[in-house]
Amino acid sequence: MQKILCLYLRLETSRHQPPKTTYCFGNLPVSRHNQGKDQPSPYIPAPRTNISANGNFPRKRHRAANGVASIYLSEDNYSHELAKMIIQHEYPLHMVEHSGFIDFARALQPQFNITSVTAVQEQVMGIYFREKHKLLDLLSGISGRLNLTVDLWTSNQSLAYVLITGHFIDNDWKLQRRILNFITVQFPDSDTAFSHAIADCLTDWSAEDNCYARILRSLAQDAIGSMRETIEKVRQSVKYVKTSDAHEERFTKLKQQLQVPSTKNLMIDNLTNWSTTYQMLMAASELKEVFSCLDTSDPDYKLSPQMEEWEQVETLCAYLKIFYEAASILTSPVYPTTNLFFHEAWKIHLELMHGANSQDFFVSCLTKPLMEKFTKYWDDCNLVLAVAVVMDPRFKMKLVEFSFSRIYGEDAETWINIVDEGLHELYLEYLVQSLPAPTFIEGENDSLVKTEPQEDDLLPNGDGFSDFDIYISDIMSAQHMKSELDQYLEEPLLPRVQDFDVLGWWKMNRSKYPTLSKLASDVLSIPLSTISAESVFDMREKKMDSYRSSLRPSILQALICSKDWLQHESSEVPLGISTEISAAAAVKTEF
């Protein structure tokens, strides 16, 4: 069976032991404690002399002159909010030493002591440890598995950074995503860069790698690159119109005279964002007649593509549209569940397959390289995608059967059976995990094999087959009992609605399908993309700026992770003693 959950992490807890994590690479589980031996524990406070009897830091009391009522100031709160602001908006730490900031802060509160960079670092680490503790509590309470993605960032220096993100279903059946670690890698091109980073810096997470957004970006880049010269003609034509008021006015008049029905506006693309190139080409191709007339009416305009080139642009746009719509599901404010990716992936596979077999020479040349690249992705991920869509009660196995019949033709039944067998095998793994552990009661008269059969055992009914009859009866009864999976698959499909909440459905039906719902929770939370929503169409690799590259790894990780965690903060937690003291200790310790 192709591995569906090839890399996952399962959290386990025990009443008598600290929380543990179980790695699973293929079929080899390894347990480790959450906290590394050398990592400082941020949750046990050390003694401190200036703590008041009630366990809080003493607040400074300032009296105002001239009869003004006295007020209480808390520099700890000010410093805490300042650190949060720096984290959330990615301000440089040394901004607290800028003269402009110092003047501004003193204008707001003259009695506030301006903090130092070191003090800000302590506050940042305090926030980081507090939010990490909250995240550990959250993860230890989930019943399913934690799926991981790994992304690589570069910098102007020789360093690189590994970003690890966890995806999971919480106890309210909401899909959650959290950054877990941001690790410095000194030799990113080495074969062991990822494994060393994870082994050295993460004692409770591992990773899975296969990015949906990256394959779409790669397909779009290759398609656009194959028509570089023609696209440049279109780009220069659009620039000719958009960079001159007189040219744009002449173009608009021609459009009105020709009664071109297009409502799209011309736009110049951003070379680092492939979706803007697609939108530029779409708008320009709908106005190709206007550009052709502009070529004859404006002697200065000599850039118009030929009609054959416009037809090729339209063909290119048809495929870019498929990639664009497939990538757009990642831009939703709510991260999509895994079942949604199957719809887009199988359509891409089908369209590229048809294009590669086309009798049109241009279409064939355009799509064959794309088909070869996407086939590698499809071969790696189609089983995961198919199992996920089966967990959608609107489709189950029916969409797999339909789509595979169009993709694989006569061989469809073989591929459908692979999905069905793989799903049942995976379900059995979950079923075994849900069974109670066997118990053995030892007694002086008990034995596994009776060496001397008793008389009653030999001929209870006179023929010696009574136990055999019971055995056969049990087998027949078991055969008539349907598993949760088979029962689910045989029930009618739900009506297709646009905004169907698949996780909400499983939440409501988890009592009916206690084992299958756990499988659905894990499968539907498998992350298929490592790229954030704002970078889906970005053709640049993530790059760390020079300032952040100069920070210590512990501070950099605290800034990156805390910014993500603070977005999920439900309520403000007062500053705690352990946060303050452990942060100060952690700043002095590289980990």
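The residue count restarts for each chain, going from 1 along the sequence in the order it is written. For a predicted model such as this one, the threshold for reporting local features is a pLDDT of at least 70, and the threshold for listing and counting side-chain atom pairs is 80 or more; totals across whole chains, interfaces and linings nevertheless cover every residue. Hydrogens and waters are ignored; side-chain quantities use all the structure's heavy atoms.

Per an unreviewed UniProt entry, the recorded name for the protein is Zinc finger BED domain-containing protein RICESLEEPER 2, and the organism is Sesamum latifolium.

Of the regular secondary structure elements, the protein holds 22 helices and nine strands. Residue burial in the protein is summarised as follows: out of 591 residues, 45% are buried. The Shrake-Rupley method, run with a 1.4 Å probe, gives the accessible areas here. Residue values count only the displayed protein chains as cover. Total accessible area on the protein stands at roughly 32200 Å², and carbon and sulfur atoms take up 52% of it. Counting from the N terminus, the helices are the DSSP runs of H or I reaching at least four residues and the strands are the DSSP runs of E reaching at least two. Relative accessibility under 20% of the residue-type maximum defines a buried residue, over 50% an exposed one, and the middle range a partly exposed one, all with a 1.4 Å probe and only protein chains included.

With that settled, the discussion passes to the nonpolar core. With 103 residues, the main nonpolar core has F291, F323, F342, W378, M391 and W506 as its most contacted residues. The greatest single-element share of this core, amounting to 16 residues, is contributed by helix α12 (residues 361–390). Whether two residues touch is decided by their heavy atoms; if any such pair falls within 4.5 Å, the residues are in contact. With sequence-adjacent residues up to four places away left out, F342 is seen in contact with W378, L385, A386, V389, L399, V400, S403 and F404. Among the buried residues, those of types Ala, Val, Leu, Ile, Met, Phe, Trp, Tyr and Cys that are joined through side-chain atoms within 4.5 Å form a nonpolar core. The next biggest cluster of nonpolar side chains, apart from the first, holds 41 residues, and it includes V96, Y128, I142 and L556.

It is worth spelling out the side chain of D522 at this point. Here D522 shows up in helix α19 (residues 514–524). Residues within four places of D522 in sequence aside, it is in contact with G144, R145, N147 and Y430.

Bringing the environment of Y335 into the picture now. As for its position among the elements, Y335 is in the loop between α10 (307–328) and α11 (339–356). Judged by its relative accessible area of 12%, Y335 is buried. Linking Y335 and L175, residues 160 residues apart in sequence, is a C-alpha distance of 7.3 Å. With near-sequence residues (within four places) excluded, Y335 lies in contact with H167, L175, R177, L330, P527, L528 and S529.

Turning next to helix α5 (residues 212–225). Note on helix geometry: an α-helix contains 3.6 residues per turn, so any two residues three or four positions apart are oriented the same way. One less than the residue count of a helix, multiplied by 1.5 Å, gives the span that helix is expected to have. Between its terminal C-alpha atoms α5 stretches 20 Å, which fits the 20 Å expected from 14 residues at 1.5 Å a residue. With ten of 14 residues buried, α5 is to be regarded as a mostly interior element. Buried residues along α5 sit against α6 (228–242), α8 (274–286), α10, α11 and α12.

Right, let's talk about unusual backbone geometry for a bit. Despite not being glycine, E90 shows a phi value in the positive range, around 60 degrees. Among the secondary structure elements, E90 is positioned in the loop between α1 (75–89) and α2 (99–108). Positioned with a positive phi, W173 is a non-glycine residue whose angle comes to about 60 degrees. Residue placement: W173 occurs in the loop between β7 (160–169) and β8 (175–185).

Two numbers describe how α5 lies on α12: the axes approach to 10 Å, and their chain directions differ by 165 degrees. The angle between α5 and α12 falls in the class roughly antiparallel. Viewed along their axes, α5 and α12 form a crossing whose handedness is right-handed. Taking contact as the criterion, the partners of Y212, I215, S218, L219, D222 and A223 in α5 are, on α12, L366, L370, K373, F374 and Y377. Three categories are distinguished: nonpolar for Ala, Val, Leu, Ile, Met, Phe, Trp, Tyr, Cys and Pro, charged for Asp, Glu, Lys and Arg, and polar for the others, with Gly belonging to the last. When its residues are assigned to classes, the contact of α5 with α12 shows eight nonpolar, one polar and two charged. Simply put, an axis is a line fit to the C-alpha atoms, just over the touching stretch for a helix, and the angle between two N-to-C directions goes from 0 to 180 degrees. Oblique is the label for any angle not under 35 degrees, not over 145, and not in the 65 to 115 range, which are roughly parallel, roughly antiparallel and roughly perpendicular in turn. We call a crossing left-handed when the near helix sits turned anticlockwise from the far one by less than a right angle, and right-handed when that turn is clockwise.

The geometry of two aromatic rings is summed up by the distance between their centres and the angle between their planes. What counts as a ring pair is set by centres within 6.5 Å for rings of Phe, Tyr and Trp (its six-membered ring), and what kind of pair is set by the plane angle: stacked under 30 degrees, edge-to-face over 60, tilted for all other angles. Applying the stated criterion across every chain, the model contains 21 aromatic pairs. On the basis of an interplanar angle of 55 degrees and a centroid distance of 4.8 Å, the ring pair of F251 and F291 is categorised as tilted. Here F251, found in helix α7 (residues 245–258), pairs with F291, found in helix α9 (residues 288–297); they are 40 residues apart in sequence, far enough to count as distant. You'll find F251 and F291 in the same group, each marked buried. An aromatic cluster is built from Y240, F251, F291, Y301 and W310, whose rings are joined through pairwise contacts. Over the face of the ring belonging to Y488 we find K396, whose NZ or CZ atom lies 4.4 Å from the ring centre. In this scheme, Lys NZ or Arg CZ marks a charge over a ring once it lies within 6 Å of the ring centre and within 35 degrees of the ring normal.

We define a salt bridge as a side-chain nitrogen of Lys or Arg found within 4 Å of a carboxyl oxygen belonging to Asp or Glu. Under the definition given, this model contains 17 salt bridges. One salt bridge connects E131 with K134, and the closest N-O pair in it is separated by 3.4 Å. Residue E131 and its partner K134 are located together in helix α3 (residues 117–140), separated by three residues, close to a single helical turn. For E131, a relative accessible area of 3% translates into the label buried. Judged by relative accessible area, K134 falls into the partly exposed class, the value being 33%.

This part covers α19. Counting buried positions along α19 yields nine of eleven residues, so the element is predominantly enclosed. All of the buried residues in α19 are T515, L516, S517, L519, A520, S521, D522, V523 and L524.

Next up on the list: the pairing of β7. Burial analysis of β7 places ten of its ten residues in the buried class, the great majority of the element. Side chains of β7 alternate between two faces, with A160, V162, I164, G166 and F168 and Y161, L163, T165, H167 and I169 buried alike. Bridge count between strand β6 (residues 145–155) and β7: eight bridges; the pairing is antiparallel. Paired with D151 across the bridge in β7 is L163. Strand pairing is assigned whenever DSSP identifies at least 2 bridges connecting the two strands. Here β7 hands over to β8 after five residues, with W173 in that stretch at a positive phi of 60 degrees.

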